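Here is how the chains run, residue by residue.
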Amino acid sequence: MTVFTLEHHPPVITVTRRPGVRANLLATPEQLLEQGIELVDTDRGGDITYHGPGQLVAYPILDLNRLGLRIHPYMRLLEDVVIATVASFGVVAGREDGATGVWVAAGTPEARKIAALGVRLSRWCSMHGLALNVDPDLSHFDLIVPCGLTGRSVTSLRRELGDGCPSLDNVRLALEKAFDAAIERLVG
């Protein structure tokens, strides 16, 4: 198992090839330039999302055949990893019906997305992955309809925990530990 973790500098908005996704870009080219945000086409699944400083992005490179996984169980594994990661800092999160990702106050009208997922597979090896909002500039999400989900809010560990927000490095360590535990459960 290899998992690359990073922050995107400069910030980017990534857009998939799915028809109609560009309609979820709310910002003008001038607004993106003014805020120093690049617009990048991507070959991952999903819709449109933002990546930037204060956000922990993980790119797992996994042979799903060796792990006995197909795409939907793999997506649930990624969600489980994030749920365990944020739980280690006292944030309760879960899944929302019909909305991939990880949500604080899942299943309630106050549900807030704390992590987005978008993957690509080639010969059952995974690429791309997840983005966990630790302490990003959440106003940048106002430039898009995140993941194409109209009327849904985005949150971060900073917004949920205030001054108790862990450092990005501490979140990275917790995420790596959660990945290790998830893979260990699969391979025994």
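Residues numbered from 1 in each chain as written. Predicted model: local features only at pLDDT ≥ 70, side-chain atom pairs only at ≥ 80, totals over all residues. Heavy atoms only, no water.

**Some points on the overall build of the protein chain**
Point 1. Scanning the protein chain from terminus to terminus reveals 5 helices and 10 strands.
Point 2. Computed over C-alpha atoms, the radius of gyration of the protein chain comes to 16 Å, within 12% of the 16 Å expected from 2.2 N^0.38 for 188 residues, which places it in the range of a compact globule.
Point 3. Its C-alpha atoms give the protein chain principal-axis dimensions of roughly 50 × 40 × 30 Å.
Point 4. Looking at the protein chain as a whole, 48% of its 188 residues qualify as buried.
Point 5. Pairs at least 24 apart in sequence give 70% of the contacts found in the protein chain among residues at least 6 apart.
Point 6. Accessible surface, the protein chain: about 9200 Å² in total, of which carbon and sulfur atoms supply 52%.
Point 7. Charge-centre separation for the protein chain: the mean point of 18 positive side chains lies 8 Å from the mean point of 22 negative side chains. (Helix = DSSP H or I, 4+ residues; strand = E, 2+ residues; numbered from the N terminus. Rg over C-alpha atoms; globule rule 2.2 N^0.38 Å. Buried < 20%, exposed > 50% of the residue type's maximum accessible area, 1.4 Å probe, protein only. Contact = heavy atoms within 4.5 Å. Areas by Shrake-Rupley, 256 points an atom, 1.4 Å probe, with all protein chains shown as cover. Lys, Arg positive; Asp, Glu negative; His and termini not counted. Charge placed at Lys NZ, Arg CZ, Asp CG, Glu CD.)

**Considering the nonpolar core**
Point 1. Leu-77, Leu-130 and Leu-132 are the most contacted members of the largest nonpolar core, which has 34 residues in total.
Point 2. In terms of residue count, the dominant contributor to this core is helix 3 (residues 71-87) (8 residues).
Point 3. In terms of nonpolar packing, the next biggest core, distinct from the first, is built from 13 residues, Val-21, Tyr-50, Phe-141 and Val-154 among them. (Core = buried A, V, L, I, M, F, W, Y, C linked by side-chain atoms within 4.5 Å.)

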